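Spelled out, the chains give:
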Amino acid sequence: MNQGLPASIWFILAAFSWLPGANLAVSSIITLFLVACGFGVMWGVLGGSMPRSGGEYVYNSRILHPTIGLAVSFVNAGFIYLAWIWVLAPWAGQIGLPMMAGVLGIAPEAVEPFSSGWGLYVVTTIVNVTAFLAVLAGMRVYLKIQKVFTTWSLIAVVVAGVIFSITSHAEFVSIWNNYAAQFGALDFHAAVRAAAADMGGIPETWNWTSTLGMMLPVSWIAIYGYIIAFIGGEVKSPRITIFRAQVLNPIICIVLLLWVGLAFQRMVGWEGIHAIAWMSEESPEWYAFPFGATYIDMAAMIVGFNKVVGFIMAGSFIVATWLWVAASYIAWSRGAFAWGMDGLGPRWFTDISPRFGQPVKLLVAMLIASQIAVTHYIMYPETLGALGVTLVELVSVFGVTAVSCLIFPYVKKVRHIWDVSPYKGWRIGPVPVATIAGGLSLILVGMLTYAFYVSEGLAFMRDAWTLIYVVIWSLGVGWYFIWKRIRAKEGIDVTLAFKEIAPE
């Protein structure tokens, strides 16, 4: 539902510029095992046992404590999905438009006014508003759009995998050198040497520090199917569908990543994958091509900048980022709706429009807040801020929810929910599968958090995002106690709501 495969692969391959010496295969396989057997099973068990809209808020508030459930959801639905619009909606213009121009042979200066400054703000606003309107129109309309865009994304990834798989290293170097001669750019080996010099050298072989660090961007392509949890009560046959989707999602996505990524590395070489990532991220002055150095640009170059192939591939990046923005509206509106159902928010949080069948007021609130956020991004662009958002989400959402899943079979107050769960009998020896999945999920959260704090390439954002994490969590706890007190003055004990799951 929410992986954005073309954009995720771009982000992962670009990570070689700030994670030199990463082993993509090792990072991907470890992540695949822990996500499929940990996160996937965890969200599948919890979503199928408590199929209600609202995501992790429902699970954590019932299994752990309503304070924790609200704080986690406040961070996730209330802040993180706003932050995703902040950082991802501008990518359509900042990264997608130059990519599209490059593969279609359009001069870079033609789109430059729309890839930065207030021109970018216009593009970002179009992305944000159209995503808002698609969700406002209702899930049936949105899901039709989603199917088209997801199919588009999958086709583009497969096309890239085929191109890289049938192109030898020698053929790629020859194609590069032909275009280099045409545009007065460095030949491939000279470009690799120049990039290596700028990077301070390229490791001769892989290392564990960067490989563990690479798990963080790789997790992008595997973990975000969990957003299905937010619409749990709107899914057909949720006890089957949610579990199946959560497990198959990371398997399919990482298999495609391994195909494209390893074929690309074989084609460009070990030093080449680092150098091209550097060129893509830093756009050094000596890079004289009129197109970027992303894997999408390289695929288009190999096929002679065929306009159909180029449009499919560059367009897939744009529609992938659009889907992320639309999903943010879904997550926020369903999370806040669930708070309202438990009395932890204004009563208009539960207002559903008869015309649209959607919580329109919540969607409008997100539109206003996100437009303020993207205005900030235009003034202070920070592409890698996306990794900071990921850290907050991993620790606050996945880590806490993993604890819930780990203890779910043993918590007395939710025994009545566990007893009717279709996964109650799932055990490996004496241990419930839910407990094992929660434990594996905690291991992955620990590894990814460790990677964030030891990777030198991420040092510049650690302090700021750690502080943001603490502040938002504190605000979430405060929100719970404020609304608990407000309801108490009305003679309502909100704690009684958490003995059951809310009606859907």
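Draft legend 1. Structural context of the overall build of the protein chain. Counting secondary structure elements, the protein chain contains 20 helices and two strands. Counting only C-alpha atoms, the protein chain reaches 80 × 50 × 40 Å along its principal axes. Buried positions account for 60% of the 504 residues belonging to the protein chain. Here the analysis covers contacts within the protein chain between residues at least 6 apart in sequence; of these, 84% occur between residues at least 24 apart. Each charge class in the protein chain can be summarised by its mean position, and for the 26 positive and 24 negative side chains these summaries are 20 Å apart.

Draft legend 2. Main features of the side chain of serine 53. One can find serine 53 in the loop between helix H2 (24-49) and helix H3 (56-63). Owing to a relative accessible area of 6%, serine 53 belongs among the buried residues under this scheme. Separated by 3.2 Å, the side chains of serine 53 and glutamate 234 make a polar contact.

Draft legend 3. Quick peek at helix H1 (residues 5-14). Across the ten residues of H1, ten count as buried, placing the element largely inside the fold. Every buried residue belonging to H1 is among Leu5, Pro6, Ala7, Ser8, Ile9, Trp10, Phe11, Ile12, Leu13 and Ala14, and all of these are buried.

Draft legend 4. Structural view of helix H10 (residues 188-199). Helix length check: H10 (twelve residues) gives 16 Å between terminal C-alpha atoms against 16 Å at 1.5 Å per residue, within 8%. Inspection of H10 places Phe188, Ala190, Ala191, Val192, Ala194, Ala195, Ala196 and Met199 among the buried residues, and these make up the whole buried set. The elements touched by buried residues of H10 are helix H9 (169-183), helix H12 (238-268) and helix H13 (270-282). Measuring from the side-chain oxygen of the N-cap residue of H10 to the backbone nitrogen of histidine 189 gives 3.2 Å; that N-cap residue is aspartate 187. In the segment just after H10, glycine 200 is the residue with positive phi, at about 85 degrees.

Draft legend 5. Region of interest: a positive patch on the surface. A surface patch of like charges, here positive, comprises Arg140, Lys144, Lys147 and Lys236. Look at arginine 140 and you get exposed, because its relative accessible area is 75%.

Draft legend 6. View of the nonpolar core. With 187 residues, the main nonpolar core has Trp91, Phe164 and Trp176 as its most contacted residues. Here this core takes 19 residues from helix H15 (residues 307-341), the largest share from any one element.

Draft legend 7. Structural context of the packing of H1 against helix H11 (residues 208-223). Orientation of H1 relative to H11, taken along the N-to-C sense of each, is 175 degrees, at an axis distance of 8 Å. By the angle between their directions, the pair H1 and H11 is classed as roughly antiparallel. Packed against H1, whose contacting residues are Leu5, Ser8, Ile9, Phe11 and Ile12, the element H11 presents Met214, Pro217, Val218, Trp220 and Ile221 at the interface. The residue inventory of the contact of H1 with H11, partitioned by class, reads nine nonpolar, one polar and no charged.

Draft legend 8. Representation of the pattern of salt bridges in the model. Across all of its chains, the model carries six salt bridges by this definition. Between glutamate 490 and arginine 347 there is a salt bridge, with its nearest N and O atoms 3.0 Å apart. Highlighted residues: glutamate 490 in the segment after helix H20 (459-489) and arginine 347 in the loop between H15 and helix H16 (360-379), separated in sequence by 143 residues. Given the relative accessible area of 39%, glutamate 490 is considered partly exposed.

Draft legend 9. Inspection of the layout of surface pockets at higher detail. Within this model, the second largest pocket holds a volume of roughly 940 Å³. As for the second largest pocket, its lining consists of 33 residues, and the residues nearest its centre are Gln94, Pro98, Ser280, Glu281 and Ser283. Of all elements in the fold, only helix H5 (91-104), helix H6 (108-111) and H13 reach the threshold of two or more residues within the lining of the second largest pocket. Of all the elements, H5 adds the most residues to the lining of the second largest pocket, at six residues. Broken down by class, the residue content of the lining of the second largest pocket amounts to 18 nonpolar, ten polar and five charged.

Draft legend 10. Representation of the packing of aromatic side chains in the model. Following the criterion strictly, the structure yields 53 aromatic pairs and no others. Between the aromatic rings of phenylalanine 11 and tryptophan 91, the centroid separation amounts to 5.8 Å while the plane-to-plane angle is 35 degrees, which identifies the pairing as tilted. Highlighted residues: phenylalanine 11 in helix H1 and tryptophan 91 in helix H5, separated in sequence by 80 residues. This pair shows no difference in class: phenylalanine 11 is buried, exactly as tryptophan 91 is. Measuring from ring centre to ring centre gives 6.4 Å for phenylalanine 183 and phenylalanine 289, while their planes differ by 80 degrees; the resulting arrangement is edge-to-face. Placement of the pair is phenylalanine 183 in helix H9 and phenylalanine 289 in the loop between H13 and helix H14 (295-302), with a sequence separation of 106 residues. Its relative accessible area of 32% is what places phenylalanine 183 among the partly exposed residues. Looking at phenylalanine 289, the relative accessible area reads 7%, which means it is buried.

Calculation rules
Residues numbered from 1 in each chain as written. Predicted model: local features only at pLDDT ≥ 70, side-chain atom pairs only at ≥ 80, totals over all residues. Heavy atoms only, no water. Helix = DSSP H or I, 4+ residues; strand = E, 2+ residues; numbered from the N terminus. Buried < 20%, exposed > 50% of the residue type's maximum accessible area, 1.4 Å probe, protein only. Contact = heavy atoms within 4.5 Å. Lys, Arg positive; Asp, Glu negative; His and termini not counted. Charge placed at Lys NZ, Arg CZ, Asp CG, Glu CD. Polar contact = N/O pair within 3.5 Å; in protein donor to acceptor, adjacent residues only side chain to side chain. Expected span 1.5 Å × (residues − 1). Patch = residues over 30% accessible without salt bridge, like charges linked within 9 Å, V, L, I, M, F, W, Y side chains within 5 Å. Areas by Shrake-Rupley, 256 points an atom, 1.4 Å probe, with all protein chains shown as cover. Salt bridge = Lys/Arg side-chain N within 4 Å of Asp/Glu carboxyl O. Core = buried A, V, L, I, M, F, W, Y, C linked by side-chain atoms within 4.5 Å. Axes fitted to C-alpha atoms, helices over the stretch in contact; angles between N-to-C directions. Parallel < 35°, antiparallel > 145°, perpendicular 65-115°, else oblique. Nonpolar A, V, L, I, M, F, W, Y, C, P; charged D, E, K, R; others polar. 1 Å grid on protein atoms, 1.4 Å probe; cavity = no way out; pocket = protein on both sides within 12 Å on 5 of 7 lines; lining within 4 Å. Points joined across faces, edges and corners; volume = space filled by probe spheres on them. Phe/Tyr/Trp six-rings, centres within 6.5 Å; stacked < 30°, edge-to-face > 60°.

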